[in-house]
Amino acid sequence: LNRDAQATLLPTAAAQVIKAMAEPGRDRKKQKNQKHPGNLTMDQIKEIATVTKAKSKAKDFKGAVKEVLGACQSVGGMVEGKSPKDICKLIEKGEIDVKEPQLRHHLLFPLFTLMKKKKKKKKKYSALI
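All of these numbers come straight from a predicted model, not from anything done at the bench.

Reading guide: rules and limits
- Residues numbered from 1 in each chain as written.
- Predicted model: local features only at pLDDT ≥ 70, side-chain atom pairs only at ≥ 80, totals over all residues.
- Heavy atoms only, no water.
- Helix = DSSP H or I, 4+ residues; strand = E, 2+ residues; numbered from the N terminus.
- Axes fitted to C-alpha atoms, helices over the stretch in contact; angles between N-to-C directions.
- Parallel < 35°, antiparallel > 145°, perpendicular 65-115°, else oblique.
- Left-handed = near helix turned anticlockwise from the far one by under 90°.
- Contact = heavy atoms within 4.5 Å.
- Nonpolar A, V, L, I, M, F, W, Y, C, P; charged D, E, K, R; others polar.

Novice: Help me out: how do you make sense of unusual backbone geometry in this one?
Specialist: Both trends apply: most residues other than glycine have a negative phi, and most peptide bonds are in trans. Of note, the phi angle at Glu 80 is positive, near 50 degrees, even though the residue is not glycine. Among the secondary structure elements, Glu 80 is positioned in the loop between strand S2 (78-79) and helix H4 (84-93).

Novice: How should I be thinking about the packing of helix H3 (residues 61-75) against H4 in this particular structure?
Specialist: Describing two packed helices takes the angle between their axes plus the distance from one axis to the other. Interaxial distance between H3 and H4 falls to 9 Å at its minimum, and their mutual angle equals 165 degrees. Here H3 is positioned roughly antiparallel relative to H4, judged by the angle of their axes. The handedness of the crossing between H3 and H4 comes out as left-handed. When H3 is examined against H4, the residues Lys 62, Val 65, Lys 66, Leu 69, Cys 72 and Gln 73 are found in contact with a partner set consisting of Pro 84, Lys 85, Ile 87, Cys 88, Ile 91 and Glu 92. Here the residues of the contact of H3 with H4 sort into seven nonpolar, one polar and four charged.

Novice: Could you clarify how one ought to interpret the packing of helix H1 (residues 13-20) against H3 in this entry?
Specialist: Packing of H1 against H3 leaves a shortest axis separation of 9 Å and a crossing angle of 65 degrees. By the angle class used here, H1 and H3 are roughly perpendicular. As H1 runs across H3, the sense of the crossing is right-handed. When H1 is examined against H3, the residues Ala 13, Ala 14, Val 17 and Ile 18 are found in contact with a partner set consisting of Val 68, Ala 71, Cys 72 and Val 75.

Below is the structure:
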């Protein structure tokens, strides 16, 4: 049996938003509190939400999308030319429909695959009389 512990890290929503904006790298010691004035599409937001949904505290996919929009707001990004706060309000009103895309989750989350447990065979003992 292989009982070695394996740890995998899922990237945060903010890190994925910055990566999706294709921002160049920076020196964190020299440049503080940098805003990332990029523009994302709703499809990119949904893709990021599907990846971060595994560690999200949201009940449904709509909550995970709103978490990603909050991360986009915090780094200073825009979504389709609008503020992420405005997009959240439109989602709450129902003007923007947010449904989880049908993806192959086993490809996205190999860490959550279920392992089959082997059944132990019971030993039969004969009673000595």
